[in-house]
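Below are the chains, spelled out letter by letter.
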Amino acid sequence: MPSRTPHKLRLIFSTASSEEQAASIARKLVDERLAACVNIVGPIRSIYRWSEAIEDEREFLLIIKTRATLYIKVEKRIRELHSYEVAEVISSSIDRGSPPYVKWMLESTGPRRKD
């Protein structure tokens, strides 16, 4: 049975204008141990209002898996790295996960182990 993980883990969603920018953000988040994994999905089609105009753009979706306690750091880092004036950074709690995957996520976003 999957482990309950109340308030421990988060999925954070963001979008980028290019696959290269999405990959750059993903690599930095994983390298800095702010994310265990980042999936890049796309291209996707985004339709949204910006400056009173309806925009219809191709983007790449980042699905970021991390600890809930790292949300503020992840948001700050995305905003530093992102080219958009207003970067999308939204999150959702992960309610359950397989115990080995949850363990891996926590290890991947924790302090570096000294061997």
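First things first, this report covers the structure right here in the doc. (Residues numbered from 1 in each chain as written. Predicted model: local features only at pLDDT ≥ 70, side-chain atom pairs only at ≥ 80, totals over all residues. Heavy atoms only, no water.)

Let us now look at the pairing of strand β4 (residues 53-67). Relative to β4, strand β2 (residues 9-16) is paired through eight bridges, and the arrangement is antiparallel. Bridging across to β4, L9 finds its partner in R67. Pairing between strand β3 (residues 37-50) and β4: 12 bridges, direction antiparallel. Opposite R45, over in β4, you have R58 as the bridge partner. (Pairing = 2+ DSSP bridges. Helix = DSSP H or I, 4+ residues; strand = E, 2+ residues; numbered from the N terminus.)

With respect to the element layout, L61 can be found in strand β4. When residues no more than four places from it in sequence are discounted, the contact partners of L61 are F13, S14, T15, N39, I40, V41 and I44. (Contact = heavy atoms within 4.5 Å.)

Topologically, S14 is positioned in strand β2. The class for S14 is buried, based on a relative accessible area of 2%. Separated by 2.6 Å, the side chain of S14 and the backbone oxygen of E88 make a polar contact. If we ignore the near neighbours within four places in the chain, the residues touching S14 are F60, L61, L62, I78, H82 and E88. (Buried < 20%, exposed > 50% of the residue type's maximum accessible area, 1.4 Å probe, protein only. Polar contact = N/O pair within 3.5 Å; in protein donor to acceptor, adjacent residues only side chain to side chain.)

The next subject is the packing of aromatic side chains. Per the stated rule, a full pass over the model turns up one aromatic pair. Consider the rings of Y101 and W104, whose centres lie 5.2 Å apart with planes at 45°: the pair is tilted. With Y101 and W104 both in helix α3 (residues 99-108) and three residues apart, the pair spans about one turn of that helix. Look at Y101 and you get partly exposed, because its relative accessible area is 34%. (Phe/Tyr/Trp six-rings, centres within 6.5 Å; stacked < 30°, edge-to-face > 60°.)

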